[in-house]
Amino acid sequence: MRTIATLLRDARAGGVDRLDAQWLLAELLGRSPAWLIAHDDQAPPPEVADAFDAGWRRRAAGEPLAYVLGHWRFRGLRLAVSPAVLVPRPETEVLVDWALACLAARDPGASAPRVVDLGTGSGAIALAVAAAMPQARVRATDRSEAALAQARRNAAAHGLNVSCHAGDWWAAVPGQVFDLALANPPYIAPGDPHLAALAHEPASALCADDAGLADLRRIVAGAAGHLAAGAWLLLEHGHDQGQAVRALLASAGFEQVATRQDLAGLDRCSGGRRPG
């Protein structure tokens, strides 16, 4: 008889982190990790044990736990994820927090804010903004149809009114003007040693030419025709790209250019406000 303790021990022996193994088995059983500890002498049904064995082997091979589970949480939202999209990361919450602060500072008498999330992936950023500020009119774009399908499913699952548009950056929203634009674009340089740990995630959402700045440069260059006077453009970037992104924003005429750090104290997002 294979008990919970036996299953978790097998996963640990296979090289899987203890917490990852607990989360995986807890999800399969519909229980909490704490429940597993208190009932580790129980034997799960054979189909659960088999699913757990298959899952921990995927994790041991380097596949992100989010893909193994099929979902991940971001700012309290349970989002379906797959290898078609990046796994939402806590660092990106800095971008959302800054966006919500910008929206909260608008004139109370202003019309509903128009927001665009460029390169939405799973929809994490757009949906987090829409959930926190239901009055906002949120658009989400991506050049990947598979990613947009994932974002649409997540929006429907949470009943959030986010419209999705296919296209490359600003080309997905021709003629549209926004009060706030956000993006977590590819910003890792090809050949960066960190890519080895991200081999299961879509390279097109991770890597950019020009030392990782190519897509950031394109977004900044095309922003003027899509931002209202006083609108903010906020961009996630690599920990060593803050100075370069601030320079891009300043050269494009943005004001109040600044960078915000993540919980590790690393530069994570830079943004600026269009004059007016």
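Let us look at the structure shown here. (Residues numbered from 1 in each chain as written. Predicted model: local features only at pLDDT ≥ 70, side-chain atom pairs only at ≥ 80, totals over all residues. Heavy atoms only, no water.)

### Considering the pattern of salt bridges
Overall, the coordinates contain 14 salt bridges when judged by the stated rule. In this structure, Arg-78 and Glu-27 form a salt bridge, with 3.8 Å as the shortest nitrogen-oxygen distance. Note that Arg-78 is positioned in strand S2 (residues 77-80) and Glu-27 in helix H2 (residues 18-29), a separation of 51 residues in sequence. Across the salt bridge formed by Arg-217 and Asp-210, the nearest N and O atoms sit 2.7 Å from each other. (Salt bridge = Lys/Arg side-chain N within 4 Å of Asp/Glu carboxyl O. Helix = DSSP H or I, 4+ residues; strand = E, 2+ residues; numbered from the N terminus.)

### Some words on the sheet that holds strand S3 (residues 114-118)
Spatially, the seven strands line up as an open sheet ordered S5-S4-S3-S6-S7-S9-S8, and their pairing is mixed. The two strands at the open ends of the sheet, each matched to only one other strand, are strand S5 (162-166) and strand S8 (255-261). Across this sheet, the average inter-strand angle for adjacent strands is 15°, counted without regard to direction. As paired elements, strand S6 (residues 178-183) and strand S7 (residues 227-236) share five bridges and run parallel to each other. Residue pairing across strands places Ala-181 opposite Leu-233, the latter belonging to S7. Sheet contacts for helix H6 (residues 93-104): S3, S6, S7, S8 and strand S9 (267-273); angle to S7, the most-contacted strand, approximately 165°. Set on the sheet, helix H7 (residues 124-132) makes contact with S3, strand S4 (137-142), S5 and S6; between it and S4 the angle comes to about 175°. (Pairing = 2+ DSSP bridges. Axes fitted to C-alpha atoms, helices over the stretch in contact; angles between N-to-C directions. Contact = heavy atoms within 4.5 Å.)

### Here's the deal with the pairing of S3
Across the five residues that make up S3, a large majority, four, are buried. In this fold, S3 hands off to H7, which returns the chain to S4; that crossover is right-handed. Both S3 and S6 contribute to a ladder of four bridges, which runs parallel. Across the sheet, the residue bridging to Asp-117 is Leu-182, located in S6. (Buried < 20%, exposed > 50% of the residue type's maximum accessible area, 1.4 Å probe, protein only. Right-handed = clockwise from strand over helix to strand, strands pointing away.)

### Some details on H6
Taking 1.5 Å per residue, twelve residues should reach 16 Å; H6 reaches 16 Å between its end C-alpha atoms and fits that length. Listing the buried residues of H6 in full gives Val-94, Leu-95, Val-96, Trp-98, Ala-99, Leu-100, Cys-102 and Leu-103. (Expected span 1.5 Å × (residues − 1).)

### Comments concerning the packing of aromatic side chains
One pass over the structure, following the stated rule, counts one aromatic pair. An angle of 55° between the planes, with centres 6.4 Å apart, marks the rings of Trp-98 and Trp-232 as tilted. Of the two residues, Trp-98 sits in helix H6 while Trp-232 sits in strand S7, which places them 134 residues apart along the sequence. In terms of burial, Trp-98 and Trp-232 fall into one category: buried. (Phe/Tyr/Trp six-rings, centres within 6.5 Å; stacked < 30°, edge-to-face > 60°.)

### Regarding the nonpolar core
Ranked by internal contacts, the top residues of the largest apolar core, which has 34 residues, are Val-115, Val-129, Val-138, Leu-180, Leu-182 and Leu-234. Elements supplying a minimum of two residues to this core: S2, H6, H7, S4, helix H8 (145-158), S5, S6 and S7. Among the elements that take part in this core, H6 stands out by supplying eight residues, more than any other. Filtering out sequence-adjacent residues up to four positions away, Val-138 remains in contact with Val-115, Ala-126, Val-129, Ala-130, Asn-161, Val-162 and Ser-163. Within the second largest apolar cluster, 27 residues are counted, among which are Val-173, Ile-188, Ala-231 and Phe-254. (Core = buried A, V, L, I, M, F, W, Y, C linked by side-chain atoms within 4.5 Å.)

### A few points about the layout of surface pockets
Computed from the structure, the largest pocket encloses a volume of approximately 990 Å³. Of all elements in the fold, only H7, S4 and H8 reach the threshold of two or more residues within the lining of the largest pocket. Tallied by class, the residues present in the lining of the largest pocket amount to 21 nonpolar, 14 polar and ten charged. Each pocket or cavity is described by its volume, and for the second largest pocket that value is around 250 Å³. Every residue lining the second largest pocket is counted, 13 residues in all, and those nearest its centre are Cys-102, Arg-106, Gly-230, Trp-232 and Arg-273. (1 Å grid on protein atoms, 1.4 Å probe; cavity = no way out; pocket = protein on both sides within 12 Å on 5 of 7 lines; lining within 4 Å. Points joined across faces, edges and corners; volume = space filled by probe spheres on them. Nonpolar A, V, L, I, M, F, W, Y, C, P; charged D, E, K, R; others polar.)

### Brief notes about the environment of Ala-183
When you line up the elements, Ala-183 lands in strand S6. What makes Ala-183 buried here is its relative accessible area of 0%. Along the primary structure Ala-183 and Asp-215 are separated by 32 residues, whereas in three dimensions their C-alpha atoms are 10.0 Å apart. Setting aside its immediate chain neighbours within four residues, Ala-183 contacts Leu-95, Leu-118, Ile-219, Leu-234, Leu-235 and Glu-236.

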